[in-house]
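A closer look at the structure
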Amino acid sequence: MGNFEFNDHGSSFYQFLTSQHPHLLNRPNSLSGSHESPPLKITHGTTILALKFAHGVVIAGDRRATEGHQIADRHMKKIFKADEHSAVGISGAAGPCIEMVKLFKTEIEHYEKLEGAFLTLEGKANKLGEMVKANLALAFQGLIVIPIFAGFDLKKDEGRIFKYDITGGHYEEAEFYSTGSGGKDAKSSIKKMYQKNMPEDEGIRIAVQALYDAAEEDSATGGPDTVRGIYPIVSVIRKEGISDIPDEKIKQIVESFLENQREN
C-alpha cells in the first residue's frame, strides 16, 4: 500500500475502497453501459415494508426472488441487521443489494471503532444514501437497488424510517412505507389498518397482513407457504435492540387471518 495513510480518508471504510481499490466495488466505468450486451438473467428481491408502532419499528419482507417471470428463490432473505438498533430491507437486483448491505455494515463498524463513538441514525441513513448513489451507473443498466432503512433513534427516543430513490436521495417517512413490485399493494393494505402508537403485536400483524395482501395482487411477491413452512421475515427494532420474530409466531398470525377469511 506504499505511503498511503488510512487516516487520509477519515473514518470511512467506503471512501477508502472508493479511492484505493475501486475494482472491489464492481462498478462500470460509465453510465451508458454496453448496448450490445445480451440481456442478463438477474435475480430480483421484491416486496419490503416498514411501519412504526408505539415503541419502535417493524421491518419486514416476503421471501420470493424472481428472474423475469420465473421464481428464482423461495427463501430469499431481504431484511438484514445493520447494527443493534437498525436494519436494512432490500428490493431490486439481489446481488448488488446484498453486497451493499455487507459493505454498509462494515462501514458502520469501521466508523465507530475509529471514532470511539456511535454513529447517529441520520448519519447511518446518509452513508447508505452515498452507496445507493454510487450504484447509479449500474441502475442505468437495470441493476437497481432500492432499500428501506429503519432504526430506533436513541437521541430522539423513537423509531424512524428512511426511503431512497436510485440517485441516493433519502427521505424520512412519518408512519410507514413499502417498496418493491408489491409495494403499492402493501402500502394500500397498511393504510387501511394503521394507527399511531399501536402496540407491537398489532404492528407485526399488520406487516404480515400487508405482505399477504401484496402477494394476492402481485405475482412477484411470495405469500406465506404453509406447506413448505415459508413465512415472511419480520424484525422489530426497539430501544433495547433488534430482534427477529420467530416463524412460529408468524405462522400463528397467518393461520388466524386465514381462519377469519374462511369464516367470512
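Structural notes, computed from the coordinates.

Notes on the overall build of the protein chain
A count of helices and strands for the protein chain gives seven helices and 13 strands. Relative to its 264 residues, the protein chain shows a buried fraction of 49%. For the protein chain, the share of sequence-separated contacts (at least 6 apart) that also reach a separation of at least 24 residues comes to 64%. Of the accessible surface of the protein chain, which amounts to about 13,700 Å², a share of 48% is contributed by carbon and sulfur atoms.

Some points on the environment of Phe152
Tracing the sequence through the fold places Phe152 in strand β8 (residues 145-153). Assessed through its relative accessible area of 5%, Phe152 is described here as buried. Distance in space between the C-alpha atoms of Phe152 and His55 is 8.8 Å, their sequence separation being 97 residues. In contact with Phe152, not counting residues within four places along its chain, are His55, Gly56, His85, Leu121, Asp157, Glu158, Gly159, Ile237, Arg238 and Lys239.

Comments concerning the layout of surface pockets
The calculated volume of the second largest pocket comes to roughly 320 Å³. Taken together, 13 residues make up the lining of the second largest pocket; nearest its centre are His85, Phe118, Leu119, Lys124 and Leu154. Its residues assigned to classes, the lining of the second largest pocket shows five nonpolar, two polar and six charged.

Focus on the packing of helix α6 (residues 200-217) against helix α7 (residues 247-263)
When two helices pack together, their arrangement is given by the angle between their axes and by how far apart the axes lie. Contact geometry of α6 with α7 gives a least axis separation of 10 Å together with a crossing angle of 65 degrees. Between α6 and α7, the angle falls in the class roughly perpendicular. Considering the relative orientation of α6 and α7, their crossing is right-handed. Together, Asp201, Ile204, Arg205, Val208, Gln209 and Tyr212 of α6 and Lys249, Ile250, Ile253, Val254, Phe257, Leu258 and Gln261 of α7 make up the contact between the two elements.

Details of the sheet that holds strand β3 (residues 56-61)
Pairing in this open sheet of five strands is antiparallel, and the strands run β11-β2-β3-β12-β13 from one edge to the other. Strand pairing shows two members of the sheet lacking a second neighbour, β11 (176-179) and β13 (241-244), which therefore form its edges. Strand-to-strand twist of the sheet, defined as the mean angle between neighbouring strand axes without regard to direction, takes the value 15 degrees. The strands that helix α5 (residues 183-193) touches are β2 (48-53) and β11; relative to β11, the one it contacts most, it runs at about 155 degrees. Sheet strands in contact with α6 are β2, β3 and β12 (233-238), and its direction is about 155 degrees off that of β2.

A few points about the nonpolar core
Counting residues in hydrophobic clusters, the biggest one holds 28 residues, and the most contacted among them are Leu49, Leu51 and Ile204. Those elements giving two or more residues to this core turn out to be β2, β3, α5, α6, β12 and α7. With sequence-adjacent residues up to four places away left out, Leu51 is seen in contact with Gly56, Val57, Val58, Ile161, Glu175, Phe176, Ile190, Tyr194, Met198, Gly203, Ile206 and Ala207. Core analysis: the next-biggest nonpolar cluster, separate from the first, contains 22 residues, Met100, Leu103, Ala125 and Leu128 among them.

Comments concerning the environment of Phe176
Among the secondary structure elements, Phe176 is positioned in strand β11. For Phe176 and Ile190, which are 14 residues apart along the polypeptide, the C-alpha to C-alpha distance reads 7.8 Å.

Digging into the packing of α5 against α6
As a packed pair, α5 and α6 sit with axes 8 Å apart at the nearest point and diverge in direction by 140 degrees. Accordingly, the angle class assigned to the pair α5 and α6 is oblique. Note that α5 runs across α6; the crossing there is right-handed. Along the contact surface, α5 presents Asp185, Ala186, Ser189, Ile190 and Met193, while α6 presents Arg205, Ile206, Gln209, Ala210, Asp213, Ala214 and Glu217. For the contact of α5 with α6, the per-class residue count stands at six nonpolar, two polar and four charged.

Conventions used here
- Residues numbered from 1 in each chain as written.
- Predicted model: local features only at pLDDT ≥ 70, side-chain atom pairs only at ≥ 80, totals over all residues.
- Heavy atoms only, no water.
- Helix = DSSP H or I, 4+ residues; strand = E, 2+ residues; numbered from the N terminus.
- Buried < 20%, exposed > 50% of the residue type's maximum accessible area, 1.4 Å probe, protein only.
- Contact = heavy atoms within 4.5 Å.
- Areas by Shrake-Rupley, 256 points an atom, 1.4 Å probe, with all protein chains shown as cover.
- 1 Å grid on protein atoms, 1.4 Å probe; cavity = no way out; pocket = protein on both sides within 12 Å on 5 of 7 lines; lining within 4 Å.
- Points joined across faces, edges and corners; volume = space filled by probe spheres on them.
- Nonpolar A, V, L, I, M, F, W, Y, C, P; charged D, E, K, R; others polar.
- Axes fitted to C-alpha atoms, helices over the stretch in contact; angles between N-to-C directions.
- Parallel < 35°, antiparallel > 145°, perpendicular 65-115°, else oblique.
- Left-handed = near helix turned anticlockwise from the far one by under 90°.
- Pairing = 2+ DSSP bridges.
- Core = buried A, V, L, I, M, F, W, Y, C linked by side-chain atoms within 4.5 Å.

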